[in-house]
Amino acid sequence: MLHFFDNRLGTAMKKELEIEVAKQKYGDHAIEHFQLLAKDNVALSVTHLCGNKGGQPIVLLHGSYSTRHFWISQKGIGLGAYLTDHGFDIWVPEFRGHGFSPKGKHFKRYSVEQQMKFDLPAFSEFIFHKTKQAAVWFGHSLGGLSLYGSISQGWLQTQYIKGLITMGSQVSEGDRYLKIPFVPFLADRLLDIFGEFPAKKLGLGPENEAPGVIRDVISWKKRGGNWSSSDGISFWDGFSKIKQPCLVIASRGDTTDSFEGCEYLFNQLGSKSKQFILLGVEEGYAKDYDHVGMVIDKSAQQEVWPLILSWLK
């Protein structure tokens, strides 16, 4: 079944339409895909790994240039499959313009703030509608940053959140390329010319990114710790609202989102039940994992995934 959920309607009027499609599997895992509309009329997609109805829901959020397959491949391999095999009810949304969430005619205008303000509330209401439980939310990279930002601004309501896990998510430390003279200016001009960031051609991931998303990230990281919304409201000011248990994971080998920035973010969280894990050879791990490797590397499967499972349990 392909399910359609209209998030624009009032809570009492929300409706679900079902359209019959071919059943699908990723490896041994049965999959169902849902479509929903955010309140700004953008179509979104959520993939559900079937089989653990009633189990603790976990929502897995991908980062830039990525899709649902970051968490589970078509062969059924990935952290999402691993957590499903351990009894958790796994939901994998795709932000606007990624995977099954169509790019649409306004793709050039998509931004991270729209992901925070519209996508995450739509995902949370839908998943709660389906599970009747608060979920543990898990974000990698920009997915994690969007998660924190949405909560801090009150867009993603805390009633839908039981706990938070993020890996390689930060904004206070700029990427090295931003320090090269004229690079931000050149990037901005190229985004105007091409209408998207060519991540696929650059080998960064399976999805090209919307110009607005890249501009948000560049702007925020250039300003270091001065992270604020388009209305000028500081995201950091809302971190005191984040009271749920939090697990923040970073790696020494991550040159995209440094562990120093991840630790700074960790220190802003208002939760009294929070844990920071630094992955690296110095800490006794097999590798100084890079930005993606901390999730998908074979060594990570052996030593990082069990850490996450242990924390969840």
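Residues numbered from 1 in each chain as written. Predicted model: local features only at pLDDT ≥ 70, side-chain atom pairs only at ≥ 80, totals over all residues. Heavy atoms only, no water.

Draft legend 1. Main features of the overall build of the protein chain. Of the regular secondary structure elements, the protein chain holds nine helices and 11 strands. The long-range fraction of contacts in the protein chain, counting pairs at least 24 apart against all pairs at least 6 apart in sequence, stands at 72%. Here the protein chain displays about 14000 Å² of accessible surface, and carbon together with sulfur accounts for 53% of that area. (Helix = DSSP H or I, 4+ residues; strand = E, 2+ residues; numbered from the N terminus. Contact = heavy atoms within 4.5 Å. Areas by Shrake-Rupley, 256 points an atom, 1.4 Å probe, with all protein chains shown as cover.)

Draft legend 2. Representation of the pattern of salt bridges in the model. With the rule as written, the count across this model stands at eight salt bridges. Between Asp40 and Arg96 there is a salt bridge, with the nearest N and O atoms lying 2.8 Å from each other. With Asp40 in the loop between β4 (29–37) and β5 (43–49) and Arg96 in the loop between β7 (89–94) and α2 (112–131), the pair connects residues that are 56 residues apart, well separated along the chain. Note on Arg96: relative accessible area 2%, which makes it buried. (Salt bridge = Lys/Arg side-chain N within 4 Å of Asp/Glu carboxyl O. Buried < 20%, exposed > 50% of the residue type's maximum accessible area, 1.4 Å probe, protein only.)

Draft legend 3. How the structure looks around the packing of aromatic side chains. Considering all chains together, one arrives at 18 aromatic pairs under this definition. Seen in terms of ring centroids, Trp227 and Phe239 are 6.1 Å apart; in terms of plane orientation they differ by 75 degrees. Their pairing is edge-to-face. Placement of Trp227 in the loop between α5 (211–222) and β10 (246–251) and of Phe239 in the loop between α5 and β10 is noted, with a sequence separation of 12 residues between them. Here Trp227 matches Phe239 in class, with each residue buried. (Phe/Tyr/Trp six-rings, centres within 6.5 Å; stacked < 30°, edge-to-face > 60°.)

Draft legend 4. Summary view of the pairing of strand β9 (residues 161–167). Along β9, six of the seven residues are buried, which leaves the element largely enclosed by surrounding structure. Pairing of strand β8 (residues 135–140) with β9 involves six bridges; the strand directions are parallel. If you follow Trp137 over to β9, its bridge partner there is Leu164. Crossover β8 to β9 through helix α3 (residues 142–152) is right-handed. The pairing of β9 with β10 spans four bridges and is classified as parallel. Pairing of Thr166 across the sheet is with Val248, part of β10. (Pairing = 2+ DSSP bridges. Right-handed = clockwise from strand over helix to strand, strands pointing away.)

Draft legend 5. Representation of the nonpolar core within the structure. In this structure, Trp137, Leu164 and Trp227 are the most contacted members of the largest nonpolar core, which totals 49 residues. Residue contributions to this core peak at seven residues, all from α2. (Core = buried A, V, L, I, M, F, W, Y, C linked by side-chain atoms within 4.5 Å.)

Draft legend 6. Main features of helix α9 (residues 305–312). Those residues of α9 that sit buried are Trp305, Ile308, Leu309 and Leu312. One side of α9 holds all its buried residues, which, seen down the axis, span an arc of 100 degrees. (Arc of directions from axis to C-beta.)

Draft legend 7. Highlighting the side chain of Gln153. Topologically, Gln153 is positioned in the loop between α3 and β9. For Gln153, a relative accessible area of 17% gives the class buried. Those residues in contact with Gln153, other than ones at most four positions away along the chain, are Ser229, Ile233, Ser234, Phe235 and Lys241.

Draft legend 8. Summary view of the environment of Glu94. Mapped onto the elements of the fold, Glu94 is located in strand β7. Apart from residues lying up to four places away in sequence, Glu94 is in contact with Leu44, Ser45, His62, Thr67, Arg68, Gly99, Phe100, Ser101 and Phe123. A polar contact of 2.9 Å, which involves the side chain of Glu94, links it to the side chain of Arg68. (Polar contact = N/O pair within 3.5 Å; in protein donor to acceptor, adjacent residues only side chain to side chain.)

Draft legend 9. Summary view of the side chain of His140. Secondary-structure assignment places His140 in strand β8. Judged by relative accessible area, His140 falls into the buried class, the value being 4%. Ignoring sequence-local partners within four residues, the contact set of His140 consists of Leu61, His62, Gly63, Phe70, Trp71, Met167, Ser169, His291, Val292 and Val295.

Draft legend 10. Summary view of the pairing of β8. The element β8 is extensively covered by neighbouring structure, given that six of its six residues are classed as buried. Neither face of β8 is exposed, since Ala135, Trp137 and Gly139 on one face and Val136, Phe138 and His140 on the opposite face are all buried. Bridge count for strand β6 (residues 57–61) against β8 is four bridges, and the pairing is parallel. Looking at the pairing, Leu60 lines up with Phe138 of β8.

Draft legend 11. Structural detail: the packing of α2 against α3. Here α2 crosses α3 at 70 degrees, and the two axes come no closer than 9 Å. As judged from the angle between their axes, α2 and α3 are roughly perpendicular. Residues Val112, Gln115, Met116, Leu120 and Pro121 of α2 pack against Leu142, Leu145, Ser146, Leu147, Gly149 and Ser150 of α3. Partitioning the contact of α2 with α3 into residue classes produces seven nonpolar, four polar and no charged. (Axes fitted to C-alpha atoms, helices over the stretch in contact; angles between N-to-C directions. Parallel < 35°, antiparallel > 145°, perpendicular 65-115°, else oblique. Nonpolar A, V, L, I, M, F, W, Y, C, P; charged D, E, K, R; others polar.)

These figures come from the coordinates and say nothing about function on their own.
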